[in-house]
Amino acid sequence: MKQRENFSSKLGIIVATAGSALGLGNIYRFPCEAGANGGGAFLIVYLAIALVIGTPLMISEFVIGRRAKSNPVGAFRLLSGKKSAWPVVGYLGVLCAFLILAFYTTVAGWTLGYLGKSIAGHFNHQDLTQIQGQFDSFTNHPWLPLACQLVFLALTAFVVARGVKDGIERWSKILMPLLLVIMVVLCVKSLTLSGAAEGLRFFFKPDFSKINGRVLISALGQSFFSLSIGMGALITYGSYISKKDNMVSSAVSVVLADTMVAVLAGVIIFPAAFSFGIQPEAGASLAFTTLPMVFQQMTGGYFFCIIFFLLLVIATLTSTISLLEVIVATLTEELQLTRSKASIVGAVGTAAIGVLATLSFRTGSPLHIAGNTFFDLLDHVTALYFMPLGGLLIVLFVGWKMERADTMDELTNGGSLKAGLRKAIMFIIRYLAPVAIGVIFISQLLA
Ligand code: PHE
(Lines give C-alpha, C1' and ligand atoms only; values in the text may rest on other atoms or scores of the structure.)
Protein backbone atom coordinates (compact mmCIF):
# COMPACT_ATOMS: atom_id res chain seq x y z
CA MET A 1 0.00 0.00 0.00
CA LYS A 2 1.07 3.54 -0.67
CA GLN A 3 2.71 5.35 2.23
CA ARG A 4 0.16 7.74 3.77
CA GLU A 5 1.13 11.37 4.00
CA ASN A 6 1.67 13.09 7.33
CA PHE A 7 1.47 16.71 8.32
CA SER A 8 5.00 18.02 8.47
CA SER A 9 5.01 19.32 12.02
CA LYS A 10 2.95 20.23 15.02
CA LEU A 11 2.45 23.65 13.48
CA GLY A 12 1.21 21.83 10.40
CA ILE A 13 -1.54 20.07 12.38
CA ILE A 14 -2.58 23.22 14.15
CA VAL A 15 -2.67 25.14 10.90
CA ALA A 16 -4.64 22.49 9.05
CA THR A 17 -7.08 21.86 11.89
CA ALA A 18 -7.54 25.57 12.49
CA GLY A 19 -8.04 25.93 8.75
CA SER A 20 -10.86 23.41 8.97
CA ALA A 21 -12.36 24.96 12.08
CA LEU A 22 -12.18 28.63 11.10
CA GLY A 23 -14.63 29.55 8.43
CA LEU A 24 -18.21 30.50 7.83
CA GLY A 25 -19.13 28.73 11.04
CA ASN A 26 -17.41 31.52 12.96
CA ILE A 27 -18.16 34.54 10.87
CA TYR A 28 -21.54 33.76 9.36
CA ARG A 29 -23.24 31.00 11.37
CA PHE A 30 -22.16 31.94 14.90
CA PRO A 31 -23.61 35.49 14.82
CA CYS A 32 -26.70 34.11 13.14
CA GLU A 33 -27.30 31.55 15.91
CA ALA A 34 -26.34 33.90 18.74
CA GLY A 35 -28.68 36.53 17.32
CA ALA A 36 -31.59 34.11 17.05
CA ASN A 37 -31.03 32.58 20.50
CA GLY A 38 -30.87 35.56 22.81
CA GLY A 39 -27.26 36.79 22.47
CA GLY A 40 -25.61 36.58 25.89
CA ALA A 41 -27.54 33.48 26.97
CA PHE A 42 -26.32 31.67 23.89
CA LEU A 43 -22.75 32.88 24.27
CA ILE A 44 -22.32 31.53 27.77
CA VAL A 45 -23.65 28.08 26.91
CA TYR A 46 -21.61 28.07 23.73
CA LEU A 47 -18.37 28.86 25.56
CA ALA A 48 -18.99 26.20 28.18
CA ILE A 49 -19.70 23.52 25.60
CA ALA A 50 -16.90 24.47 23.20
CA LEU A 51 -14.25 24.47 25.92
CA VAL A 52 -15.37 21.66 28.20
CA ILE A 53 -16.89 19.21 25.71
CA GLY A 54 -15.41 20.42 22.41
CA THR A 55 -11.77 20.02 23.41
CA PRO A 56 -12.01 16.40 24.63
CA LEU A 57 -14.11 15.49 21.61
CA MET A 58 -11.54 16.97 19.26
CA ILE A 59 -8.84 15.00 21.09
CA SER A 60 -10.96 11.83 20.80
CA GLU A 61 -11.15 12.23 17.03
CA PHE A 62 -7.39 12.70 16.84
CA VAL A 63 -6.91 9.56 18.96
CA ILE A 64 -9.08 7.48 16.63
CA GLY A 65 -7.52 8.91 13.50
CA ARG A 66 -3.91 8.57 14.53
CA ARG A 67 -4.35 5.12 16.07
CA ALA A 68 -5.98 3.73 12.94
CA LYS A 69 -4.22 5.90 10.34
CA SER A 70 -7.31 5.65 8.22
CA ASN A 71 -10.44 7.39 6.98
CA PRO A 72 -13.41 7.39 9.41
CA VAL A 73 -15.02 4.23 8.02
CA GLY A 74 -11.78 2.29 7.98
CA ALA A 75 -10.77 3.66 11.37
CA PHE A 76 -13.83 2.34 13.16
CA ARG A 77 -13.47 -0.99 11.39
CA LEU A 78 -9.81 -1.35 12.28
CA LEU A 79 -10.26 -0.38 15.91
CA SER A 80 -13.43 -2.29 16.67
CA GLY A 81 -12.67 -5.68 15.19
CA LYS A 82 -14.66 -7.81 12.78
CA LYS A 83 -18.43 -7.91 12.63
CA SER A 84 -18.87 -4.77 14.64
CA ALA A 85 -21.48 -2.10 13.92
CA TRP A 86 -19.09 0.76 14.75
CA PRO A 87 -18.11 1.51 11.13
CA VAL A 88 -21.65 2.86 10.79
CA VAL A 89 -20.40 5.89 12.74
CA GLY A 90 -17.83 6.39 10.00
CA TYR A 91 -20.46 6.14 7.28
CA LEU A 92 -22.66 8.61 9.12
CA GLY A 93 -19.69 10.98 9.23
CA VAL A 94 -19.08 10.72 5.51
CA LEU A 95 -22.75 11.31 4.79
CA CYS A 96 -22.69 14.28 7.15
CA ALA A 97 -19.61 15.74 5.42
CA PHE A 98 -21.43 15.46 2.13
CA LEU A 99 -24.60 17.15 3.43
CA ILE A 100 -22.66 19.96 5.11
CA LEU A 101 -20.61 20.54 2.00
CA ALA A 102 -23.82 20.81 -0.02
CA PHE A 103 -25.22 23.78 1.91
CA TYR A 104 -21.88 25.22 3.04
CA THR A 105 -20.88 25.82 -0.56
CA THR A 106 -24.02 27.92 -1.03
CA VAL A 107 -22.68 30.49 1.42
CA ALA A 108 -19.13 29.87 0.22
CA GLY A 109 -20.38 30.94 -3.20
CA TRP A 110 -21.83 34.11 -1.69
CA THR A 111 -18.40 35.01 -0.29
CA LEU A 112 -16.99 34.75 -3.81
CA GLY A 113 -19.88 36.83 -5.14
CA TYR A 114 -19.33 39.41 -2.41
CA LEU A 115 -15.63 39.53 -3.22
CA GLY A 116 -16.57 40.37 -6.79
CA LYS A 117 -19.09 42.95 -5.64
CA SER A 118 -16.59 44.62 -3.34
CA ILE A 119 -14.03 44.86 -6.14
CA ALA A 120 -16.71 46.36 -8.41
CA GLY A 121 -17.45 48.93 -5.70
CA HIS A 122 -21.10 47.90 -5.27
CA PHE A 123 -21.07 48.76 -1.58
CA ASN A 124 -19.83 52.34 -1.98
CA HIS A 125 -22.26 55.05 -0.89
CA GLN A 126 -25.16 52.71 -0.26
CA ASP A 127 -27.68 53.01 2.53
CA LEU A 128 -29.00 50.11 4.57
CA THR A 129 -32.02 49.50 2.36
CA GLN A 130 -29.81 49.34 -0.70
CA ILE A 131 -27.34 46.95 0.95
CA GLN A 132 -30.18 44.71 2.06
CA GLY A 133 -31.62 44.92 -1.43
CA GLN A 134 -28.28 43.77 -2.84
CA PHE A 135 -28.36 40.65 -0.68
CA ASP A 136 -31.86 39.83 -1.89
CA SER A 137 -31.11 40.45 -5.52
CA PHE A 138 -27.86 38.47 -5.36
CA THR A 139 -29.46 35.42 -3.73
CA ASN A 140 -32.39 35.69 -6.18
CA HIS A 141 -30.23 36.08 -9.27
CA PRO A 142 -31.05 33.32 -11.78
CA TRP A 143 -27.54 31.94 -12.16
CA LEU A 144 -24.91 34.00 -10.34
CA PRO A 145 -25.08 32.29 -6.92
CA LEU A 146 -25.12 28.89 -8.63
CA ALA A 147 -22.08 29.76 -10.72
CA CYS A 148 -20.25 31.01 -7.62
CA GLN A 149 -21.09 27.81 -5.74
CA LEU A 150 -19.85 25.60 -8.56
CA VAL A 151 -16.63 27.58 -8.96
CA PHE A 152 -16.07 27.23 -5.24
CA LEU A 153 -16.59 23.48 -5.36
CA ALA A 154 -14.27 23.16 -8.33
CA LEU A 155 -11.56 25.11 -6.46
CA THR A 156 -11.99 22.82 -3.46
CA ALA A 157 -11.76 19.69 -5.60
CA PHE A 158 -8.67 21.04 -7.32
CA VAL A 159 -6.82 21.59 -4.04
CA VAL A 160 -7.93 18.27 -2.52
CA ALA A 161 -6.94 16.32 -5.63
CA ARG A 162 -3.36 17.54 -5.15
CA GLY A 163 -3.05 16.01 -1.70
CA VAL A 164 -3.06 16.84 1.94
CA LYS A 165 0.25 18.48 2.58
CA ASP A 166 0.68 20.53 -0.51
CA GLY A 167 -2.93 21.47 -0.69
CA ILE A 168 -3.89 22.16 2.85
CA GLU A 169 -0.95 23.26 4.92
CA ARG A 170 0.50 25.78 2.57
CA TRP A 171 -2.66 27.84 2.17
CA SER A 172 -3.45 28.57 5.77
CA LYS A 173 -0.10 29.39 7.31
CA ILE A 174 0.10 33.06 6.48
CA LEU A 175 -3.46 33.85 5.56
CA MET A 176 -5.28 32.86 8.74
CA PRO A 177 -3.26 35.20 10.98
CA LEU A 178 -3.94 37.94 8.45
CA LEU A 179 -7.68 37.34 8.75
CA LEU A 180 -7.34 37.77 12.49
CA VAL A 181 -5.58 41.10 12.03
CA ILE A 182 -8.27 42.47 9.78
CA MET A 183 -10.94 41.27 12.18
CA VAL A 184 -9.30 43.18 15.00
CA VAL A 185 -9.34 46.33 12.86
CA LEU A 186 -13.03 45.77 12.12
CA CYS A 187 -13.74 45.22 15.77
CA VAL A 188 -12.23 48.57 16.71
CA LYS A 189 -14.33 50.28 14.06
CA SER A 190 -17.50 48.54 15.12
CA LEU A 191 -17.02 49.43 18.78
CA THR A 192 -16.68 53.12 17.99
CA LEU A 193 -19.97 53.34 16.08
CA SER A 194 -22.73 55.22 17.83
CA GLY A 195 -25.09 52.88 19.64
CA ALA A 196 -22.43 50.14 19.84
CA ALA A 197 -22.94 49.68 23.59
CA GLU A 198 -26.40 48.28 23.11
CA GLY A 199 -25.05 45.58 20.80
CA LEU A 200 -22.36 44.70 23.31
CA ARG A 201 -24.96 44.39 26.03
CA PHE A 202 -27.00 42.07 23.83
CA PHE A 203 -24.00 39.86 23.14
CA PHE A 204 -22.33 39.78 26.54
CA LYS A 205 -25.09 40.18 29.10
CA PRO A 206 -26.65 36.78 29.65
CA ASP A 207 -30.33 36.67 30.45
CA PHE A 208 -30.37 33.29 32.15
CA SER A 209 -34.13 33.04 31.87
CA LYS A 210 -33.63 32.71 28.11
CA ILE A 211 -31.67 29.47 28.40
CA ASN A 212 -33.98 26.69 27.25
CA GLY A 213 -33.69 23.40 25.37
CA ARG A 214 -33.54 25.17 22.05
CA VAL A 215 -30.65 27.38 23.16
CA LEU A 216 -28.77 24.37 24.54
CA ILE A 217 -29.02 22.25 21.40
CA SER A 218 -28.32 25.23 19.15
CA ALA A 219 -25.18 26.05 21.13
CA LEU A 220 -24.11 22.40 21.09
CA GLY A 221 -24.68 22.14 17.34
CA GLN A 222 -22.91 25.42 16.70
CA SER A 223 -19.88 24.51 18.77
CA PHE A 224 -19.52 21.13 17.01
CA PHE A 225 -20.04 22.76 13.64
CA SER A 226 -17.53 25.50 14.35
CA LEU A 227 -14.90 23.09 15.67
CA SER A 228 -15.48 20.63 12.80
CA ILE A 229 -16.18 17.83 15.27
CA GLY A 230 -18.70 15.00 15.49
CA MET A 231 -18.49 13.81 11.89
CA GLY A 232 -15.01 12.53 11.19
CA ALA A 233 -13.23 15.51 9.62
CA LEU A 234 -10.78 15.48 12.49
CA ILE A 235 -10.52 11.69 12.49
CA THR A 236 -9.33 12.13 8.94
CA TYR A 237 -6.91 14.92 9.84
CA GLY A 238 -5.86 12.97 12.94
CA SER A 239 -4.78 10.16 10.66
CA TYR A 240 -2.17 12.49 9.18
CA ILE A 241 -0.67 13.44 12.56
CA SER A 242 2.71 11.88 13.17
CA LYS A 243 3.37 9.75 16.24
CA LYS A 244 5.61 12.28 17.93
CA ASP A 245 3.32 15.30 17.81
CA ASN A 246 1.36 16.46 20.83
CA MET A 247 -2.33 16.13 20.00
CA VAL A 248 -3.61 17.47 23.27
CA SER A 249 -1.87 20.81 23.11
CA SER A 250 -2.68 21.11 19.41
CA ALA A 251 -6.37 20.59 20.12
CA VAL A 252 -6.32 23.14 22.92
CA SER A 253 -4.71 25.75 20.66
CA VAL A 254 -7.25 25.18 17.91
CA VAL A 255 -10.25 25.34 20.24
CA LEU A 256 -8.98 28.58 21.77
CA ALA A 257 -8.29 30.15 18.38
CA ASP A 258 -11.65 29.10 16.97
CA THR A 259 -13.54 30.37 19.99
CA MET A 260 -11.67 33.64 19.91
CA VAL A 261 -12.54 34.22 16.28
CA ALA A 262 -16.22 33.45 16.89
CA VAL A 263 -16.36 35.89 19.80
CA LEU A 264 -14.54 38.47 17.73
CA ALA A 265 -17.11 38.04 14.96
CA GLY A 266 -19.83 38.71 17.53
CA VAL A 267 -18.04 41.81 18.76
CA ILE A 268 -17.91 43.05 15.18
CA ILE A 269 -21.44 42.15 14.11
CA PHE A 270 -23.67 42.99 17.09
CA PRO A 271 -22.54 46.51 17.94
CA ALA A 272 -22.68 47.38 14.24
CA ALA A 273 -26.05 45.70 13.69
CA PHE A 274 -27.57 47.61 16.62
CA SER A 275 -25.99 50.81 15.44
CA PHE A 276 -27.44 50.47 11.91
CA GLY A 277 -30.80 49.15 13.03
CA ILE A 278 -30.33 45.60 11.66
CA GLN A 279 -32.26 42.95 13.60
CA PRO A 280 -29.99 40.42 15.38
CA GLU A 281 -32.48 37.75 14.29
CA ALA A 282 -32.01 38.68 10.63
CA GLY A 283 -30.66 35.19 9.88
CA ALA A 284 -28.74 34.44 6.71
CA SER A 285 -28.39 38.09 5.72
CA LEU A 286 -27.01 39.27 9.09
CA ALA A 287 -23.29 39.10 8.30
CA PHE A 288 -23.78 39.93 4.63
CA THR A 289 -25.53 43.21 5.35
CA THR A 290 -23.79 44.26 8.55
CA LEU A 291 -20.21 43.86 7.31
CA PRO A 292 -20.53 45.89 4.09
CA MET A 293 -22.21 48.61 6.18
CA VAL A 294 -19.23 48.70 8.56
CA PHE A 295 -16.73 48.94 5.70
CA GLN A 296 -18.66 51.79 4.28
CA GLN A 297 -18.11 53.82 7.43
CA MET A 298 -14.36 53.25 7.41
CA THR A 299 -11.64 55.29 5.80
CA GLY A 300 -10.16 52.99 3.19
CA GLY A 301 -13.26 50.83 3.54
CA TYR A 302 -13.21 49.93 -0.14
CA PHE A 303 -9.83 48.20 0.23
CA PHE A 304 -10.56 46.68 3.61
CA CYS A 305 -13.73 45.19 2.20
CA ILE A 306 -11.86 43.53 -0.66
CA ILE A 307 -9.15 42.15 1.60
CA PHE A 308 -11.72 40.92 4.10
CA PHE A 309 -13.80 39.01 1.55
CA LEU A 310 -10.65 37.61 -0.04
CA LEU A 311 -9.50 36.26 3.31
CA LEU A 312 -12.98 34.97 4.07
CA VAL A 313 -12.98 33.08 0.78
CA ILE A 314 -9.69 31.48 1.78
CA ALA A 315 -10.83 30.66 5.33
CA THR A 316 -13.92 29.09 3.81
CA LEU A 317 -11.85 27.16 1.30
CA THR A 318 -9.71 25.57 4.01
CA SER A 319 -12.97 24.36 5.61
CA THR A 320 -14.49 22.97 2.41
CA ILE A 321 -11.18 21.23 1.77
CA SER A 322 -11.45 19.40 5.08
CA LEU A 323 -15.03 18.37 4.31
CA LEU A 324 -14.19 17.04 0.88
CA GLU A 325 -11.11 15.33 2.31
CA VAL A 326 -13.36 13.13 4.47
CA ILE A 327 -15.15 11.91 1.36
CA VAL A 328 -11.98 11.59 -0.71
CA ALA A 329 -9.98 9.73 1.98
CA THR A 330 -12.86 7.28 2.27
CA LEU A 331 -13.30 6.77 -1.47
CA THR A 332 -9.57 6.32 -2.09
CA GLU A 333 -9.00 3.90 0.78
CA GLU A 334 -12.26 1.98 0.76
CA LEU A 335 -12.96 1.87 -2.98
CA GLN A 336 -9.40 2.34 -4.28
CA LEU A 337 -10.28 5.35 -6.44
CA THR A 338 -7.43 7.70 -7.33
CA ARG A 339 -7.38 11.04 -5.51
CA SER A 340 -8.36 12.92 -8.65
CA LYS A 341 -11.28 10.63 -9.41
CA ALA A 342 -12.44 10.66 -5.82
CA SER A 343 -12.29 14.48 -5.73
CA ILE A 344 -14.38 14.71 -8.88
CA VAL A 345 -16.93 12.16 -7.66
CA GLY A 346 -17.19 13.98 -4.31
CA ALA A 347 -17.58 17.39 -5.90
CA VAL A 348 -20.12 16.32 -8.50
CA GLY A 349 -22.20 14.48 -5.91
CA THR A 350 -22.13 17.53 -3.66
CA ALA A 351 -23.07 19.83 -6.51
CA ALA A 352 -26.17 17.76 -7.26
CA ILE A 353 -27.62 18.46 -3.81
CA GLY A 354 -25.88 21.78 -3.27
CA VAL A 355 -27.56 23.59 -6.14
CA LEU A 356 -30.93 22.82 -4.55
CA ALA A 357 -29.77 24.47 -1.33
CA THR A 358 -28.76 27.56 -3.30
CA LEU A 359 -31.98 27.66 -5.30
CA SER A 360 -34.07 27.34 -2.14
CA PHE A 361 -33.11 30.92 -1.22
CA ARG A 362 -35.08 32.35 -4.09
CA THR A 363 -38.31 34.08 -3.19
CA GLY A 364 -41.24 31.82 -3.94
CA SER A 365 -38.98 28.79 -4.48
CA PRO A 366 -40.85 25.50 -4.10
CA LEU A 367 -37.85 24.12 -2.22
CA HIS A 368 -39.44 24.84 1.14
CA ILE A 369 -40.24 22.10 3.57
CA ALA A 370 -42.49 22.87 6.54
CA GLY A 371 -41.75 26.58 6.30
CA ASN A 372 -37.97 26.09 6.08
CA THR A 373 -35.79 26.37 3.03
CA PHE A 374 -34.04 23.23 1.83
CA PHE A 375 -30.85 25.01 2.89
CA ASP A 376 -32.13 25.31 6.47
CA LEU A 377 -33.15 21.71 6.44
CA LEU A 378 -29.62 20.53 5.56
CA ASP A 379 -28.18 22.91 8.14
CA HIS A 380 -30.51 21.70 10.92
CA VAL A 381 -30.23 18.02 10.13
CA THR A 382 -26.44 18.13 10.24
CA ALA A 383 -25.82 20.52 13.15
CA LEU A 384 -28.71 19.49 15.39
CA TYR A 385 -28.82 15.74 14.71
CA PHE A 386 -25.84 14.26 12.87
CA MET A 387 -23.07 16.08 14.72
CA PRO A 388 -24.39 15.68 18.27
CA LEU A 389 -25.12 12.00 17.59
CA GLY A 390 -21.74 11.51 15.92
CA GLY A 391 -20.00 13.31 18.79
CA LEU A 392 -21.77 11.16 21.36
CA LEU A 393 -20.79 7.93 19.59
CA ILE A 394 -17.19 9.10 19.19
CA VAL A 395 -16.66 9.83 22.88
CA LEU A 396 -18.39 6.56 23.79
CA PHE A 397 -16.08 4.72 21.41
CA VAL A 398 -12.90 6.27 22.78
CA GLY A 399 -14.06 6.13 26.39
CA TRP A 400 -15.55 2.66 26.49
CA LYS A 401 -14.82 0.62 23.41
CA MET A 402 -11.16 1.26 22.64
CA GLU A 403 -8.55 -0.40 24.80
CA ARG A 404 -7.77 2.02 27.59
CA ALA A 405 -4.07 1.33 27.23
CA ASP A 406 -4.21 2.23 23.53
CA THR A 407 -6.00 5.48 24.25
CA MET A 408 -3.53 6.46 26.96
CA ASP A 409 -0.71 5.46 24.65
CA GLU A 410 -2.03 7.90 22.05
CA LEU A 411 -2.69 10.64 24.58
CA THR A 412 0.78 10.41 26.10
CA ASN A 413 2.68 9.58 22.88
CA GLY A 414 3.69 6.20 24.21
CA GLY A 415 4.30 7.42 27.75
CA SER A 416 6.61 10.30 26.89
CA LEU A 417 4.12 13.02 27.85
CA LYS A 418 2.78 13.64 31.35
CA ALA A 419 -0.36 11.66 32.20
CA GLY A 420 -1.91 14.00 34.82
CA LEU A 421 -3.98 16.29 32.61
CA ARG A 422 -4.72 13.37 30.34
CA LYS A 423 -6.48 11.49 33.11
CA ALA A 424 -8.82 14.45 33.52
CA ILE A 425 -9.46 14.42 29.79
CA MET A 426 -10.27 10.72 29.97
CA PHE A 427 -12.75 11.43 32.73
CA ILE A 428 -14.57 13.96 30.57
CA ILE A 429 -14.49 11.59 27.60
CA ARG A 430 -15.91 8.70 29.58
CA TYR A 431 -18.47 10.42 31.80
CA LEU A 432 -19.09 14.12 31.44
CA ALA A 433 -19.21 14.43 27.65
CA PRO A 434 -21.54 11.50 26.92
CA VAL A 435 -23.93 12.54 29.68
CA ALA A 436 -23.99 16.20 28.64
CA ILE A 437 -24.35 15.51 24.91
CA GLY A 438 -26.87 12.75 25.57
CA VAL A 439 -29.07 14.85 27.85
CA ILE A 440 -29.12 17.85 25.50
CA PHE A 441 -29.74 15.66 22.46
CA ILE A 442 -32.50 13.59 24.00
CA SER A 443 -34.24 16.57 25.54
CA GLN A 444 -34.52 18.13 22.09
CA LEU A 445 -35.96 14.92 20.67
CA LEU A 446 -38.60 14.94 23.39
CA ALA A 447 -39.36 18.64 23.19
N1 PHE B 1 -15.84 24.34 11.12
C2 PHE B 1 -16.14 24.87 9.85
C3 PHE B 1 -16.55 26.33 10.04
O4 PHE B 1 -16.67 26.78 11.13
C5 PHE B 1 -17.20 24.08 9.13
C6 PHE B 1 -16.93 22.63 9.12
C7 PHE B 1 -17.79 21.76 9.77
C8 PHE B 1 -15.79 22.12 8.52
C9 PHE B 1 -17.53 20.39 9.81
C10 PHE B 1 -15.52 20.77 8.55
C11 PHE B 1 -16.37 19.92 9.19
O12 PHE B 1 -16.75 27.03 9.11
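The rules behind the values
Position labels on residues start from 1 in each chain and follow its written sequence. Given that this is a predicted model, residues contribute local features only at a pLDDT of at least 70 and side-chain atom pairs are listed and counted only at 80 or more, while totals for whole chains, interfaces and linings are drawn from all residues. For side-chain calculations, the full set of non-hydrogen atoms in the structure is used, while hydrogens and water are omitted. A helix here means a DSSP run of H or I that spans at least four residues, while a strand means a run of E at least two residues long, and both kinds are numbered starting from the N terminus. A radius of gyration in this sense is built from C-alpha atoms; the matching globule rule multiplies 2.2 Å by the number of residues raised to 0.38. Throughout this description, buried means an accessible area under 20% of the type-specific maximum (1.4 Å probe, protein chains only), exposed means over 50%, and partly exposed covers the range between. Whether two residues are in contact is decided by their heavy atoms: any pair within 4.5 Å suffices. The axes are straight lines fitted to the C-alpha atoms, using for helices just the contacting stretch, and the angles between their N-to-C directions are given from 0 to 180°. Put simply, a crossing is left-handed when the front helix is turned counterclockwise from the back one by less than a right angle, and right-handed when it is turned clockwise. Charged residues are taken to be Asp, Glu, Lys and Arg, nonpolar residues to be Ala, Val, Leu, Ile, Met, Phe, Trp, Tyr, Cys and Pro, and polar residues to be all remaining types, Gly included. Each pair of aromatic rings taken from Phe, Tyr and Trp, with Trp reduced to its six-membered ring, is defined by centres within 6.5 Å and is described as stacked if the planes are under 30 degrees apart, edge-to-face if over 60, and tilted in the remaining cases. By definition, disulfides here are pairs of cysteine sulfur atoms that lie within 2.5 Å. Definition of nearness: a residue and a molecule or strand are near each other if at least one heavy atom of the residue lies within 4 Å of the molecule or strand. Within 3.5 Å is the distance limit for a polar contact, defined as a pair of N or O atoms, with the added protein rule that one can donate a hydrogen and the other accept it, and that residues adjacent in sequence qualify only through two side-chain atoms. Here a salt bridge means any side-chain nitrogen of Lys or Arg lying within 4 Å of a carboxyl oxygen belonging to Asp or Glu. On a range of 0 to 100, pLDDT expresses the predictor's confidence in each residue. Surface patches are defined over residues having more than 30% relative accessible area and no salt bridge, joining like charges when they lie within 9 Å and nonpolar side chains (Val, Leu, Ile, Met, Phe, Trp, Tyr) when within 5 Å. Under the convention used here, a 1.4 Å probe and the Shrake-Rupley method define accessible areas, while residue burial counts only the protein chains that appear. Helix span, expected: 1.5 Å multiplied by one less than the number of residues in the helix.

Colleague: Go over the overall build of the chain with me, naming the residues and quoting the values.
Modeller: When helices and strands are tallied, the chain shows 18 helices and two strands. Against the 2.2 N^0.38 benchmark of 22 Å for 447 residues, the chain shows a C-alpha radius of gyration of 21 Å, consistent with a compact globule. For the chain, the C-alpha atoms occupy an extent of roughly 60 × 50 × 45 Å along the three principal directions. Here the chain holds 447 residues, and the buried ones make up 60% of them. For the chain, contacts bridging at least 24 residues in sequence account for 83% of all contacts bridging at least 6.

Colleague: Quick rundown of the packing of helix H7 (residues 144-161) against helix H14 (residues 301-335)? Include the residues and the values.
Modeller: Helix packing geometry: the angle between the two helix axes and the distance between the axes. At a minimum axis distance of 9 Å, the contact between H7 and H14 shows a crossing angle of 60°. Relative to H14, H7 is oriented so that their crossing is right-handed. Each of Phe152, Leu155, Thr156, Ala157, Val159 and Val160 in H7 lies in contact with H14, whose residues at this interface are Val313, Thr316, Leu317, Thr320, Ile321, Leu324, Glu325 and Val328. Partitioning the contact of H7 with H14 into residue classes produces 10 nonpolar, three polar and one charged.

Colleague: For the packing of aromatic side chains, give the residues involved together with the corresponding values.
Modeller: All told, the structure shown has 32 aromatic pairs when counted by the stated rule. Here the aromatic rings of Tyr302 and Phe303 are separated by 5.1 Å at their centres, their planes lie at 80°, and the arrangement is edge-to-face. Where Phe308 meets Phe309, the ring centres are 5.3 Å apart and the plane angle is 80°; that geometry is what we call edge-to-face. Each member of the pair, Phe308 as well as Phe309, carries the same accessibility label: buried.

Colleague: Explain the state of the cysteines residue by residue, including any values.
Modeller: Considering all chains together, one arrives at zero disulfides under this definition. With no disulfide of its own, Cys96 lies 18 Å from the sulfur of Cys32, the closest cysteine sulfur. Of all cysteine sulfurs, the one in Cys305 lies closest to Cys148, which takes part in no disulfide; the gap is 15 Å. The class for Cys148 is buried, based on a relative accessible area of 10%.

Colleague: Go over unusual backbone geometry, please, and point to the residues and values.
Modeller: A positive phi angle, close to 55°, is found at Gln336, a residue other than glycine. Take Gln336: it is sitting in the loop between H14 and helix H15 (339-359). The exposed category is assigned to Gln336, whose relative accessible area is 60%. With phi around 50°, Ala370 is a residue other than glycine that occupies positive phi space.

Colleague: Can you tell me about the site of the ligand, naming the residues and giving the values?
Modeller: Neighbouring the ligand are 17 residues, the closest being Ala21, Gly25, Tyr104, Phe225 and Ser228. A distance of 2.8 Å separates an oxygen atom of the ligand from a polar atom in the backbone of Gly25. At a separation of 3.4 Å, an oxygen atom of the ligand approaches a polar side-chain atom of Asn26. Listed by contribution, the elements that provide at least two residues to the shell around the ligand are helix H1 (10-21), helix H2 (24-36), helix H5 (87-119), helix H10 (213-227) and H14.

Colleague: Give me the environment of Val255: which residues, what numbers.
Modeller: Locating Val255 in the fold gives a position in helix H12 (residues 247-276). Look past the residues within four positions of Val255 in its chain and what remains in contact with it is Ala50, Leu51, Thr55, Met58 and Leu227.

Colleague: Describe the pattern of salt bridges, with residues and values.
Modeller: Evaluated as defined, the whole model comprises eight salt bridges. In this structure, Asp379 and Arg29 form a salt bridge, with 2.7 Å as the shortest nitrogen-oxygen distance. Of this pair, Asp379 sits in helix H16 (residues 374-401) while Arg29 sits in helix H2, and the two are 350 residues apart along the sequence. For the pair shown, Asp379 and Arg29 are each scored as buried.

Colleague: Quick rundown of the confidence of the model for the chain? Include the residues and the values.
Modeller: In the predicted model, the chain carries a mean pLDDT of 93, and the fraction of residues at 70 or more is 98%. Within the chain, helix H8 (residues 164-191) has the poorest average pLDDT of any element, 80, and H5 the best, 98.

Colleague: Explain a nonpolar patch on the surface to me, using residue names and the numbers behind them.
Modeller: A cluster of nonpolar side chains, Leu51, Val52, Val252, Leu256, Trp400, Phe427, Tyr431 and Leu432, forms an exposed patch at the surface whose accessible area comes to about 730 Å². Only helix H3 (40-68), H12 and helix H18 (420-446) provide two or more residues apiece to the nonpolar patch. For the nonpolar patch, the element with the highest residue contribution is H18, accounting for three residues.

Colleague: I'd like a rundown of the environment of Thr332, residues and numbers included.
Modeller: Looking at the element boundaries, Thr332 is found in helix H14. Residues Thr332 and Ser343 lie 11 residues apart in sequence; the distance between their C-alpha atoms is 9.3 Å. Look past the residues within four positions of Thr332 in its chain and what remains in contact with it is Leu337, Thr338, Arg339 and Ala342. Here Ala329 takes part through its backbone oxygen, which lies 3.1 Å from a polar atom of the side chain of Thr332.

Colleague: Give me the side chain of Asn26: which residues, what numbers.
Modeller: Mapped onto the elements, Asn26 comes out in helix H2. A polar side-chain atom of Asn26 sits 2.9 Å from a polar atom in the side chain of Asp258. Beyond its immediate stretch of four places on either side in the chain, Asn26 contacts Ala21, Pro31, Ser226, Asp258, Val261, Ala262 and Ala265.

Colleague: I'd like to hear about the side chain of Gln149, residue by residue, with values.
Modeller: On the secondary structure map, Gln149 appears in helix H7. The exposure class assigned to Gln149 is buried, which follows from its relative accessible area of 0%. Not counting residues within four places of it along the chain, the set of residues in contact with Gln149 comprises Ala102, Thr105, Thr106, Gly109, Gly354, Val355 and Thr358.

Colleague: Account for H12, with residues named and values stated.
Modeller: Here H12 contains 30 residues, and its C-alpha end-to-end distance of 43 Å stays within 8% of the 44 Å for a straight helix at 1.5 Å per residue. When you tally the buried positions in H12, you get 22 out of 30 residues, the bulk of the element. You can read the cap of H12 off the contacts: a side-chain oxygen lies 3.1 Å from the backbone nitrogen of Val248, and it is on Asn246. Looking one or two places after H12, you find Gly277, whose phi comes out positive at around 80°.

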